[in-house]
Structures are given as structure tokens and as C-alpha cells.
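Given next are the chains, with one letter for each unit.
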Amino acid sequence: FPYTTLFRSDRSKIVSGLKKACEKRPISTATIETVTDRIEKRIQDLGETEIVSTAVGEEVMRELSQLDQVAYVRFASVYREFKDIDQFMDEIKIG
């Protein structure tokens, strides 16, 4: 679920990424919808019709870091495409 190019607001991609990261975590569908609403609002507040997709990924990571550390690490491990355990450990310390 990493975002890689220009991104037009596509709620389903955000929801899908969040659901994958939050799978088997105590996070309700309602919470995922609320988080998606916040991400969409921040993107819309930029006033752009297209946004570099990495900015969307960063918004998802920001939300997940506050919501659930396991979900955050899951998303980050795919999104950041860690090359080795040291990069992974650094992200855990930062997140």
C-alpha cells in the first residue's frame, strides 16, 4: 500500500492502507473512517487538485503513529521499504 506518484484524492486507497495496517488490531471501522476524514481534510486544505503521493503516505504515518504503534510499524515497514533491520529499528525509535 505505498503511494508512489501524483495522488488524486482517493478515499478508498487511504482506507485500504489503514485497514491493512490495522488488521487484527483493536481499531474500529469508525476510527479508520475518522482518521481518513482527517487525512482528506489536511490534503484538501493544501488547495491542490493533485499532491505528491509521498505526502499522503506521510499523513497516514502521522495518524498511525498516534493511533497504534503496531499499525504504524506495519505501514512504515511497507511504505518505507526498509533495506535492513537497522533502518527498521531507527523508524521504531522515531515513530
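What this report covers is the structure whose coordinates are included nearby.

Reading the values: the criteria
- Residues numbered from 1 in each chain as written.
- Predicted model: local features only at pLDDT ≥ 70, side-chain atom pairs only at ≥ 80, totals over all residues.
- Heavy atoms only, no water.
- Helix = DSSP H or I, 4+ residues; strand = E, 2+ residues; numbered from the N terminus.
- Buried < 20%, exposed > 50% of the residue type's maximum accessible area, 1.4 Å probe, protein only.
- Areas by Shrake-Rupley, 256 points an atom, 1.4 Å probe, with all protein chains shown as cover.
- Axes fitted to C-alpha atoms, helices over the stretch in contact; angles between N-to-C directions.
- Parallel < 35°, antiparallel > 145°, perpendicular 65-115°, else oblique.
- Left-handed = near helix turned anticlockwise from the far one by under 90°.
- Contact = heavy atoms within 4.5 Å.
- Nonpolar A, V, L, I, M, F, W, Y, C, P; charged D, E, K, R; others polar.
- Expected span 1.5 Å × (residues − 1).
- Arc of directions from axis to C-beta.

## Brief notes about the overall build of the chain
Step number 1: Along the chain, the regular secondary structure elements total five helices and two strands.
Step number 2: Element order for the chain, N to C, with α for helix and β for strand: β-α-α-β-α-α-α.
Step number 3: Classification of the 95 residues of the chain by burial places 34% in the buried group.
Step number 4: For the chain, the accessible surface area stands at approximately 5,800 Å², while carbon and sulfur atoms represent 52% of it.

## Things to note about the packing of helix α2 (residues 29-45) against helix α3 (residues 53-67)
Step number 1: The N-to-C vectors of α2 and α3 enclose an angle of 140 degrees; their axes lie 10 Å apart at closest approach. With respect to α3, the axis of α2 lies oblique. The hand of the α2/α3 crossing is right-handed. For the pair α2 and α3, contact is made by T31, V35, R38, I39, R42 and I43 and by V56, E59, V60, R62, E63 and L67, respectively.
Step number 2: Classifying every residue of the contact of α2 with α3 gives six nonpolar, one polar and five charged.

## Some remarks on helix α1 (residues 11-22)
Step number 1: Between its terminal C-alpha atoms α1 stretches 16 Å, which fits the 16 Å expected from twelve residues at 1.5 Å a residue.
Step number 2: Among all positions of α1, only I14, V15, G17, L18, A21 and C22 are buried. One side of α1 carries all its buried residues, which in axial view fall inside an arc of 165 degrees.
Step number 3: At the exit of α1 stands K24, carrying a positive phi of roughly 60 degrees.

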